[in-house]
Amino acid sequence: MARRNNIWANLDWISIILYLVLIFMGWVNIYAAVYNEEHSSILDMTQRYGKQLIWIVAALVIGSTLILVDSKFYVFSAYGFYAITILLLIAVLLFGTQVKGSTSWFQVGGIAIQPAEFVKFTTALALAKYLSSYNFKMHRFKSLVIIGAILALPVMLIFMQNDTGSALVIGVFILVLFREGLSGFVLFLVFIVALIFILTLVLSPLHTIFTLTAGALLFHYIMQQRLSETIKALAIYATFSALFLFGGHIFELELSDVKLVLAATILSCAIFAIYSLRKGVHNLLIVIGLYLGLVFLTFSVDYVVNNVLQPHQQSRINELLGIESDPLGVGYNVNQSKIAIGSGGFSGKGFLNGTQTKFDFVPEQSTDFIFCTVGEEWGFIGTTTVIGLFLFLLLRLLYLAERQRSTFSRVYGYSVACIIFFHLSINIGMTIGLAPVIGIPLPFFSYGGSSLWSFTILLFIFLRLDASRAEKLSH
């Protein structure tokens, strides 16, 4: 009994208070977003705000239960939880209900459960378990393969459900790996891949290849510090490109300019590779390999966009990048959301006085676009307060993660912070037009039991681990 009382005393009550404040504010804003004068009571269980209260009470029970469980149980059961959610992801593909194009829900009576929400905390547990295992070394090839498998398996299954937003969340674990010793070069490479993806959508593949070539030549000069060598490389590449393009048109080959330039690129790289081997400059081989990889990536972007992403997701990305403009179609949600937030001004229109909200101009205003209700009714003061509370929680979680004595708890703590950060930044980015609309809920705010419960479990497991940080966790 004394030990149990000690656990409650050791809990980080600052994080718990922030959690309670956020879910209360979320509940109030859900009430404002879908307010019905004929059902004005916030406790009306026939309305979304009444149902959200049920999810909140259940979440508090779940959180309290998680605190009472021995912290060693989470270490021992990490792989088991992960396996269960993987099986659920497979089961939902076979027996799930399709909602808005995504087969990612189980319908149990009047309750809809989304397994993809829960795989976030089980993946965090599995990753923490592996990274804290005996004799683990981050830079071993075997370790990287296993880490890749742990992360890739749920991503593939969620992509198969057509739930791109939830799949992208798993990518944020790369920040956790960076904290645990993953090379910064990997982060840089991820950034470059994302940049190439965007460039290929905005520019033509031909212009993207020329941009990559300029970057590779600049990198070549930085490495070698020999301008003459870089000029020679540029001359070789330009000569082959010109010859292939000129020859293609002279001989009327049925090849596009892009394919001709690609052939010239491959031939140039082969010559550069032979030169590097003869000179013994093996670092250049790495540059050539990365350059060719990024060049081929430009050709895979079209395939990914046209075959992996759904038509509405393609249109939303094009709208975000300014390639398309459809304010009454695919851009309607974001356009109305920006109007709602902008109309709130400094102090907002007041509680239940939001016209954009009241007259349903903003779709999904109680779920993915709940933040625009905050902006319209509470203005700059309200949005700054909400963002400030989230940032305070994130900083608190990072502080708690750093004070952990076990690798398992630290990795899991950073996972919690990174997942919440991703949801926060993407959700708010969606509502103000800085991120594509990919169906990411705002933690603790958006309507729905699956989202609230999954974030509650995610957070309270970490708070339980932190409460027993002085204990030795066996792996």
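These notes cover the structure that comes with them. Nothing here was measured: the structure is a model prediction, and the numbers come from that model.

Looking at the overall build of the chain
Thought 1: The number of helices and strands found in the chain is 20 helices and 3 strands.
Thought 2: Overall, the C-alpha framework of the chain stretches about 80 × 55 × 45 Å when taken along its three principal axes.
Thought 3: A burial count over the chain gives 48% of its 475 residues as buried.
Thought 4: Contacts in the chain between residues far apart in sequence, at least 24 positions, make up 71% of those at least 6 positions apart.

Describing the packing of helix α5 (residues 78-95) against helix α7 (residues 141-160)
Thought 1: The N-to-C vectors of α5 and α7 enclose an angle of 20 degrees; their axes lie 9 Å apart at closest approach. By the criterion of interaxial angle, the relationship of α5 to α7 is roughly parallel. In the packing of α5 onto α7, the handedness of the crossing is left-handed. Contact residues: Tyr 82, Ile 86, Leu 89, Ile 90 and Leu 93 in α5; Ala 149, Ile 150, Leu 153, Pro 154, Leu 157, Ile 158 and Met 160 in α7.
Thought 2: The residue inventory of the contact of α5 with α7, partitioned by class, reads 12 nonpolar, no polar and no charged.

A look at the nonpolar core
Thought 1: In terms of nonpolar packing, the biggest core is built from 103 residues, with Leu 131, Ile 147, Phe 390, Tyr 412, Ile 420, Phe 444 and Ile 461 touching the most fellow members.
Thought 2: If one sorts the elements of this core by residue count, helix α19 (residues 407-431) sits on top with 14 residues.
Thought 3: For Phe 444, the contacting residues outside a window of four places in its chain are Tyr 19, Leu 22, Ile 23, Gly 26, Phe 390, Leu 393, Ile 420, Leu 452, Phe 455, Thr 456 and Leu 459.

Focus on the environment of Ile 288
Thought 1: Looking at the element boundaries, Ile 288 is found in helix α14 (residues 282-308).
Thought 2: Between the C-alpha atom of Ile 288 and that of Ser 425, which follows or precedes it by 137 residues, the distance is 35 Å.
Thought 3: Setting aside its immediate chain neighbours within four residues, Ile 288 contacts Cys 269, Phe 272, Ala 273 and Ser 276.

With respect to the packing of aromatic side chains
Geometrically, a pair of aromatic rings is defined through the distance of the ring centres and the angle of the planes.
Thought 1: Tallied over the full model, the rule gives 17 aromatic pairs.
Thought 2: Measuring from ring centre to ring centre gives 5.1 Å for Tyr 19 and Phe 460, while their planes differ by 75 degrees; the resulting arrangement is edge-to-face. Of this pair, Tyr 19 sits in helix α2 (residues 13-33) while Phe 460 sits in helix α20 (residues 449-467), and the two are 441 residues apart along the sequence. Here Tyr 19 matches Phe 460 in class, with each residue buried.
Thought 3: Aromatic rings pair up to connect Tyr 31, Tyr 35, Tyr 49, Phe 351 and Trp 378 into one cluster.

Structural notes on the pairing of strand β2 (residues 102-108)
Thought 1: Relative to β2, strand β1 (residues 97-99) is paired through 3 bridges, and the arrangement is antiparallel. Opposite Val 99, over in β2, you have Ser 102 as the bridge partner.

With respect to the environment of Tyr 291
Thought 1: On the secondary structure map, Tyr 291 appears in helix α14.
Thought 2: Classification of Tyr 291 by relative accessible area gives buried; the value is 9%.
Thought 3: Put simply, Tyr 291 and Pro 436 are 145 residues apart on the chain and 28 Å apart in space, counted from C-alpha to C-alpha.
Thought 4: Those residues in contact with Tyr 291 that sit more than four places away from it in its chain are Ile 209, Leu 212, Thr 213, Ala 216, Tyr 237, Thr 265 and Cys 269.

Some words on unusual backbone geometry
Thought 1: Positive phi values are uncommon outside glycine, yet Asn 162 reaches one of about 65 degrees.
Thought 2: Secondary-structure assignment places Asn 162 in the loop between α7 and α8 (164-169).
Thought 3: One non-glycine residue, Leu 352, adopts positive backbone phi at about 70 degrees.
Thought 4: Mapped onto the elements, Leu 352 comes out in the loop between α16 (332-343) and α17 (355-358).

With respect to the sheet that holds β1
Thought 1: In space, the 3 strands of this open sheet follow the order β1-β2-β3, with antiparallel pairing throughout. This sheet does not close on itself; its edge strands, each paired only once, are β1 and β3 (111-113). The mean inter-strand angle of the sheet, taken between neighbouring strand axes irrespective of direction, is 50 degrees.
Thought 2: As judged from the 3 bridges shared by β2 and β3, these two strands associate in the antiparallel manner. Its bridge partner being in β3, Val 108 is matched across the sheet by Ile 111.

A short note on the packing of α2 against α20
Thought 1: Remark: α2 packs on α20, axes separated minimally by 11 Å, with the N-to-C direction vectors making an angle of 170 degrees. Taken as axis vectors, α2 and α20 run roughly antiparallel relative to one another. Seen from α2, the contacting residues are Ser 15, Ile 16, Tyr 19 and Ile 23; seen from α20, they are Leu 452, Thr 456, Leu 459, Phe 460 and Leu 463.
Thought 2: Of the residues in the contact of α2 with α20, the class split is 7 nonpolar, 2 polar and no charged.

Focus on the side chain of Gln 114
Thought 1: Tracing the backbone shows Gln 114 in the loop between β3 and α6 (115-131).
Thought 2: One polar contact links Gln 114 to Asp 163, side chain to side chain, over a distance of 2.9 Å.
Thought 3: Sequence-distant contacts of Gln 114, that is, excluding residues within four places in its chain, are made with Ser 104, Trp 105, Asp 163, Ser 166 and Ser 450.

Thresholds applied
Residues numbered from 1 in each chain as written. Predicted model: local features only at pLDDT ≥ 70, side-chain atom pairs only at ≥ 80, totals over all residues. Heavy atoms only, no water. Helix = DSSP H or I, 4+ residues; strand = E, 2+ residues; numbered from the N terminus. Buried < 20%, exposed > 50% of the residue type's maximum accessible area, 1.4 Å probe, protein only. Contact = heavy atoms within 4.5 Å. Axes fitted to C-alpha atoms, helices over the stretch in contact; angles between N-to-C directions. Parallel < 35°, antiparallel > 145°, perpendicular 65-115°, else oblique. Left-handed = near helix turned anticlockwise from the far one by under 90°. Nonpolar A, V, L, I, M, F, W, Y, C, P; charged D, E, K, R; others polar. Core = buried A, V, L, I, M, F, W, Y, C linked by side-chain atoms within 4.5 Å. Phe/Tyr/Trp six-rings, centres within 6.5 Å; stacked < 30°, edge-to-face > 60°. Pairing = 2+ DSSP bridges. Polar contact = N/O pair within 3.5 Å; in protein donor to acceptor, adjacent residues only side chain to side chain.

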